[in-house]
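Given next are the chains, with one letter for each unit.
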There are 2 protein chains.
Amino acid sequence: MAGEMIRVTYRIETSGDPEAIAAKIAADQSTGTFTELPGETEAVRARCAARVESLTLLEPIATPSLPDPDGRGPYHRADAVVAFPLEAVGTDIAALMTIMINGVFAVRGVTGIRVMDIDLPPAWSCHPGPQFGIAGSRRLMGVASGPMIASIIKPSLGLLPEETAAVVRQLCEAGVDFIKDDEKLMSPGYSPIEDRIKAIMPVIDDHRQKTGKTVMYAFGISSADPDVMMRNHDMVVAAGGNAAVVNINSVGYGGMTFLRKRSALCLHAHRNGWDILTRHPGLGMEFKAYQKIWRLLGVDQFQINGIRAKYWEPDESFVRSFHDLATPLFSDADRPLPVVCSGQWGGQAVETYQRTGRTLDLMYLGGGGIHGHPMGAGAGVTAIRQAWEAAERDIDLATYARTHAELAASLAKWG
Amino acid sequence: MAGEMIRVTYRIETSGDPEAIAAKIAADQSTGTFTELPGETEAVRARCAARVESLTLLEPIATPSLPDPDGRGPYHRADAVVAFPLEAVGTDIAALMTIMINGVFAVRGVTGIRVMDIDLPPAWSCHPGPQFGIAGSRRLMGVASGPMIASIIKPSLGLLPEETAAVVRQLCEAGVDFIKDDEKLMSPGYSPIEDRIKAIMPVIDDHRQKTGKTVMYAFGISSADPDVMMRNHDMVVAAGGNAAVVNINSVGYGGMTFLRKRSALCLHAHRNGWDILTRHPGLGMEFKAYQKIWRLLGVDQFQINGIRAKYWEPDESFVRSFHDLATPLFSDADRPLPVVCSGQWGGQAVETYQRTGRTLDLMYLGGGGIHGHPMGAGAGVTAIRQAWEAAERDIDLATYARTHAELAASLAKWG
């Protein structure tokens, strides 16, 4: 461990000197304060001082990311790599966040600051990582090859447990591999999770008995109280379930750590709230950095939007996110299953396949794109499978739709 | 609970119609999706649909908060109050975050979105709130009246446990009421928390025996692993300690909930990372909304910067934060002790007193302002106490310093 470093790449924006800001970050986030101190000896600095390893200047910009009413541009930008001694940080994620990320956003003199990447040394492989990941997800769903086709309960909120179970039956019969509670559904008064489990699991079991197929159902077990989350987890396990939706930002690092240590379920992460961190390109944190932490914490399946998502995220950003998830941190086993979703109906399959390395190691999740299919949910799933067949065979969708009625109907409605 | 609503005030910024965006938020965050669904019945909507209660137009602005390269202004702004049925959300903080906050930041068509406030109905008083708060903090420190004077170990990182204990002795002798680990210090290899407790607590005990005064020491117990955080907590309790620093954003809602349910310590919150949420005035979340959640979770003492802080935060923002903390949520007991800090040396006492309602219910924390005093740390504490006497008596500092040498030395150095 001696001499190992954690490296953080910051994108710095300032009307001043980016190099001075980088040096200030290194000082503030290790041994310094606003005035000189007798105790800041050489020994102390040697143990803990961070240092700026490199600085890459970027094009300056005219408009600051943070309002700068009394200032004036141009706003200089640079990517600075700051190295922190592992000795000063350790391997606790709370320490990483506090020292290398959180405090940095309070620094004066910047008009923009964004964490672009975190390079973690081998000692950080101590974290558990995914329990199931890609291989485990395939095994639990019995899908040996090809994309896993998934859906979500719609409407997202407001159905009673029995009504939800009826939607589950419909989706099972439609031929999906995976179904999830909407991330907004946890345990409200009209649909407590215990009642939902009791209503839904018999449908999953019945479908298995009839067809031999185990549809994975991810229940919304999230709670800000880890004890409650574990109680929810245990109820799912007791009923024979195998997955859960975890709203990672809403439970926090503490909730996720607690759950992963005790979990028997495949953990499907919804990253709602990530947008706050990342939507402004000059501020916050890149997904590349963000996803590393949550993978170490144990995410098995990671939702990352998709091509032409219904949300703000540009396609290039989704494509980068997909590649981030496909890149091992310490081993192949720490790659979670990418979950491509948001406004997906199959029409994006070809482009998704071509831009994400022609892999089928993904879950493709349609909500409205399945429930809203003009020929019914079964045809919605079929249309999505057809779109992926077309993608794999390098056939464009319009051509493939000529001999595939369900896909043709999707194209007519959403194309 | 029937009919109760949670109201969230959003500041919306868009080149389009703010009213349409508000309506979209209400729909997206309850029952809707991107296409019409057969299951979104009147019964479902009645149970869960959110609605826009009011819309207050603000001055438009010329520069968007989020870059809008293909768009053009003016950017219209409005504060919209959206009401969500409590029935659809319940009282779980993870549900609140997911439904009312996190998802909203993904909406297309906005160039800015900020949560200004959250109005929580009486059912939310089920959360524990502070265990000690203002009264408990005073009792534990034996400070019946006046501000509680506090300091922090400096240098912030790099001292060995015995070196830290020597600083603690110096600060006890200097006359502080409270000392804390720097928030960046948790349990690194060179200063494991168990060794720090063993080194520091005898100094606290010795000082109590000699003087009758119990100095509160807050140990940095934070960990992303709630089990580790509880182990740290238990070691502090076993050694007779009475406080802990908790890096609230770095442990998350789950970590904080878990700790508060089991805690015997006064919990001193450091909000590092809050800047990411709040620094851009058109994005993220106001402290007013943020602090409500952490108070419900059980923060006893809340760090909020100060006048002329060393960080980016403007004084007006600090003053608003102070008033936010001083405003009861459900009762006076849910008010935490405001901790005024960052670059403080006493010179800001008069203005702090005048702008925060002339209250002495606060902790005033000097780091470099005590350690770096030219006559030593004892004089640093004395100078701060003198500054607060001057504040309370409406005497300006320069006048008071004529008869108070320690304050005069501070003014000469930092004034």
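Residues numbered from 1 in each chain as written. Chains lettered and ligands numbered in written order. Predicted model: local features only at pLDDT ≥ 70, side-chain atom pairs only at ≥ 80, totals over all residues. Heavy atoms only, no water.

- For chain A, the name recorded in an unreviewed UniProt entry is Ribulose-bisphosphate carboxylase large chain, with Bauldia litoralis as its organism.
- In its Cofactor (unreviewed entry) section, the UniProt record describing chain A reads: "Mg(2+)".
- UniProt lists a comment for chain A under the heading Sequence similarities (unreviewed entry), and it reads "Belongs to the RuBisCO large chain family." (UniProt positions renumbered as here; feature names shortened; annotations may be inferred.)

1. Some thoughts on the overall build of chain A
Next up, step 1: In terms of helices and strands, chain A carries 17 helices and 13 strands.
Next up, step 2: At 24 Å, chain A has a C-alpha radius of gyration in line with the 22 Å of a compact globule built from 415 residues.
Next up, step 3: The C-alpha extent of chain A, read off along each of the three principal axes, is 75 × 45 × 40 Å.
Next up, step 4: Put simply, chain A has 415 residues, and 65% of those count as buried.
Next up, step 5: A fraction of 75% describes how many contacts in chain A between residues 6 or more apart in sequence connect residues 24 or more apart.
Next up, step 6: Within the structure as shown, chain A displays about 14,000 Å² of accessible surface, and the carbon and sulfur contribution to it stands at 51%.
Next up, step 7: Computed over 40 positive and 47 negative side-chain charges, the inter-centroid distance for chain A is 3 Å. (Helix = DSSP H or I, 4+ residues; strand = E, 2+ residues; numbered from the N terminus. Rg over C-alpha atoms; globule rule 2.2 N^0.38 Å. Buried < 20%, exposed > 50% of the residue type's maximum accessible area, 1.4 Å probe, protein only. Contact = heavy atoms within 4.5 Å. Areas by Shrake-Rupley, 256 points an atom, 1.4 Å probe, with all protein chains shown as cover. Lys, Arg positive; Asp, Glu negative; His and termini not counted. Charge placed at Lys NZ, Arg CZ, Asp CG, Glu CD.)

2. Quick look at the interface of chain B and chain A
Next up, step 1: Across the contact, 89 residues belong to chain B and 89 residues belong to chain A.
Next up, step 2: Roughly 7,000 Å² is buried in total at the junction of chain B and chain A, and carbon and sulfur atoms are behind 62% of that figure.
Next up, step 3: Taken together, the connections running from chain B to chain A amount to 6 salt bridges.
Next up, step 4: Residue D227(A) is joined to K261(B) by a salt bridge in which the shortest nitrogen-to-oxygen separation is 2.7 Å.
Next up, step 5: At the junction of chain B with chain A, the criterion picks out 40 residue pairs in polar contact (both at pLDDT 80 or more). (Buried area = accessible area lost by both parts, 1.4 Å probe. Salt bridge = Lys/Arg side-chain N within 4 Å of Asp/Glu carboxyl O. Polar contact = N/O pair within 3.5 Å; in protein donor to acceptor, adjacent residues only side chain to side chain.)

3. A few points about the packing of aromatic side chains
Residue and element names in this part refer to chain A.
Next up, step 1: Applying the stated rule across the entire model yields 23 aromatic pairs over all chains.
Next up, step 2: Considering the side-chain rings of Y217 and F219, the 4.6 Å spacing of their centres and the 50 degrees angle between planes classify their relative orientation as tilted. Taken as a pair, Y217 and F219 share a single burial class, namely buried.
Next up, step 3: Relative to W388, the ring of Y364 lies with its centre 5.4 Å away and its plane at 75 degrees, an arrangement referred to as edge-to-face. Remark: W388 occurs in helix 15 (residues 377-392) and Y364 occurs in strand 13 (residues 363-366); sequence separation between them is 24 residues. (Phe/Tyr/Trp six-rings, centres within 6.5 Å; stacked < 30°, edge-to-face > 60°.)

4. What to know about the relation of the copies chain B and chain A
Next up, step 1: For these two chains of identical sequence, chain B goes onto chain A by a turn of 180 degrees and a shift of 0.0 Å along the axis, with RMSD 0.0 Å. The relationship between the two copies is best expressed as a two-fold rotation axis. Taking C-alpha positions as reference, the residue of chain B nearest the rotation axis is G252(B), located at 2.0 Å.
Next up, step 2: When the interface residues of chain B are mapped onto chain A, 100% of them are again interface residues, pointing to one common binding face. (Least-squares fit on C-alpha atoms with pLDDT ≥ 70 in both.)

5. Details of a nonpolar patch on the surface
Next up, step 1: Together, V52(A), L55(A) and L57(A) make up an exposed nonpolar region whose accessible area comes to about 240 Å².
Next up, step 2: Looking at the secondary structure, you find V52(A) in strand 2 (residues 51-61). (Patch = residues over 30% accessible without salt bridge, like charges linked within 9 Å, V, L, I, M, F, W, Y side chains within 5 Å.)

6. Observations regarding the environment of N102(A)
Next up, step 1: With respect to the helices, strands and loops of the structure, N102(A) is situated in the loop between helix 4 (93-101) and strand 4 (112-119).
Next up, step 2: Take N102(A): its relative accessible area is 5%, and that puts it in the buried class.
Next up, step 3: Put simply, N102(A) and G284(A) are 182 residues apart on the chain and 9.6 Å apart in space, counted from C-alpha to C-alpha.
Next up, step 4: Every residue in contact with N102(A), bar those within four places of it in the chain, is listed here: M97(A), N249(B), S250(B), N272(B), G273(B), D275(B) and I276(B).
Next up, step 5: Only 2.8 Å separates the side chain of N102(A) from the side chain of N272(B), close enough to count as a polar contact.

7. Focus on the domain arrangement of chain A
Many structure descriptions define interface size as the accessible area lost when the parts assemble.
Residue and element names in this part refer to chain A.
Next up, step 1: The domains assigned to chain A are domain 1 (5-126) and domain 2 (133-414).
Next up, step 2: Centre-to-centre separation of domain 1 and domain 2, based on C-alpha positions: 36 Å.
Next up, step 3: Of the residues lining the interface, 20 residues belong to domain 1; the matching set on domain 2 comes to 17 residues.
Next up, step 4: Where domain 1 packs against domain 2, one counts 3 salt bridges.
Next up, step 5: E286 is the salt-bridge partner of R114, the closest N and O atoms lying 2.9 Å from each other.
Next up, step 6: Inspection of the region where domain 1 meets domain 2 yields 12 residue pairs in polar contact (both at pLDDT 80 or more).
Next up, step 7: Mapped by element, the contributors of at least two residues to the side of domain 1 that touches domain 2 are helix 4 and strand 4.
Next up, step 8: Broken down by element, the residue count for the side of domain 1 that touches domain 2 peaks at 7 residues, all from strand 4.
Next up, step 9: Here the residues of the side of domain 1 that touches domain 2 are counted per class, giving 14 nonpolar, 4 polar and 2 charged. (Domains from an automatic or database assignment. Nonpolar A, V, L, I, M, F, W, Y, C, P; charged D, E, K, R; others polar.)

8. Digging into the UniProt feature "domain: Ribulose bisphosphate carboxylase large subunit C-terminal" (unreviewed entry) in chain A
Next up, step 1: The feature "domain: Ribulose bisphosphate carboxylase large subunit C-terminal" (unreviewed entry), as annotated in UniProt, sits at residues 133-414 of chain A in this numbering.
Next up, step 2: Counted over residues 133-414 of chain A, helix gives 50% and strand 13%. Its end C-alpha atoms are 32 Å apart.

9. Observations regarding the packing of helix 8 (residues 226-238) of chain B against helix 9 (residues 248-262) of chain B
Residue and element names in this part refer to chain B.
Next up, step 1: Between helix 8 and helix 9, whose axes approach to 10 Å, the crossing angle comes to 40 degrees. With respect to helix 9, the axis of helix 8 lies oblique. Between helix 8 and helix 9 the crossing geometry is right-handed. In contact with P226, D227, M229, M230 and H233 of helix 8, helix 9 contributes V251, G255, F258, L259 and R262.
Next up, step 2: Split into classes, the residues belonging to the contact of helix 8 with helix 9 amount to 6 nonpolar, 2 polar and 2 charged. (Axes fitted to C-alpha atoms, helices over the stretch in contact; angles between N-to-C directions. Parallel < 35°, antiparallel > 145°, perpendicular 65-115°, else oblique. Left-handed = near helix turned anticlockwise from the far one by under 90°.)

10. Here's the deal with the nonpolar core
Next up, step 1: Core analysis: the biggest nonpolar cluster contains 230 residues, and Y10(A) and Y10(B) have the highest contact counts within it.
Next up, step 2: Contact partners of Y10(A), with chain neighbours within four places excluded, come to I25(A), A78(A), D79(A), A80(A), V82(A), F84(A), M100(A), V104(A), I113(A), R114(A), V115(A) and M116(A). (Core = buried A, V, L, I, M, F, W, Y, C linked by side-chain atoms within 4.5 Å.)

11. Section: helix 17 (residues 405-414) of chain B
Residues and elements named next belong to chain B.
Next up, step 1: Those residues of helix 17 lying buried are L407, A409, S410 and W414. Buried residues of helix 17 fall within an arc of 155 degrees about the axis and therefore sit on the same side.
Next up, step 2: Those residues of helix 17 that are buried lie in contact with helix 14 (368-371), helix 15 (377-392) and helix 16 (397-401). (Arc of directions from axis to C-beta.)

12. A word on the sheet that holds strand 11 (residues 301-303) of chain A
Residue and element names in this part refer to chain A.
Next up, step 1: Taken in spatial order, the 8 strands close into a barrel running 5-6-7-8-9-11-12-13, and their pairing is parallel. Taken over all neighbouring pairs, the strand axes of this sheet differ in orientation by 25 degrees on average, direction set aside.
Next up, step 2: Of the pairings in the sheet, the one linking strand 8 (residues 243-247) to strand 9 (residues 266-270) comprises 5 bridges and is parallel in character. Looking at strand 9, one finds that A244 is bridged to L267.
Next up, step 3: Contacts from helix 9 (residues 248-262) reach strand 8, strand 9 and strand 11 within the one sheet, and its direction differs from that of strand 8 by about 125 degrees. (Pairing = 2+ DSSP bridges.)

13. A look at the sheet that holds strand 10 (residues 283-285) of chain A
Residues and elements named next belong to chain A.
Next up, step 1: Strands sit in the order 2-3-1-4-10 across an open sheet of 5 strands; the sheet is mixed. With partners counted over all chains shown, the strands left at the sheet margins are strand 2 and strand 10, one partner each. Ignoring which end each strand starts from, the neighbouring axes of this sheet average 20 degrees apart.
Next up, step 2: Relative to strand 3 (residues 75-85), strand 1 (residues 5-14) runs antiparallel, the two being bridged by 10 bridges. Its bridge partner lying in strand 3, V8 is registered against V82.
Next up, step 3: The sheet contacts of helix 1 (residues 18-28) involve strand 1, strand 2, strand 3 and strand 4, and relative to strand 2 the element is tilted by about 140 degrees.
Next up, step 4: Sheet contacts for helix 11 (residues 287-297): strand 4 and strand 10; angle to strand 4, the most-contacted strand, approximately 45 degrees.

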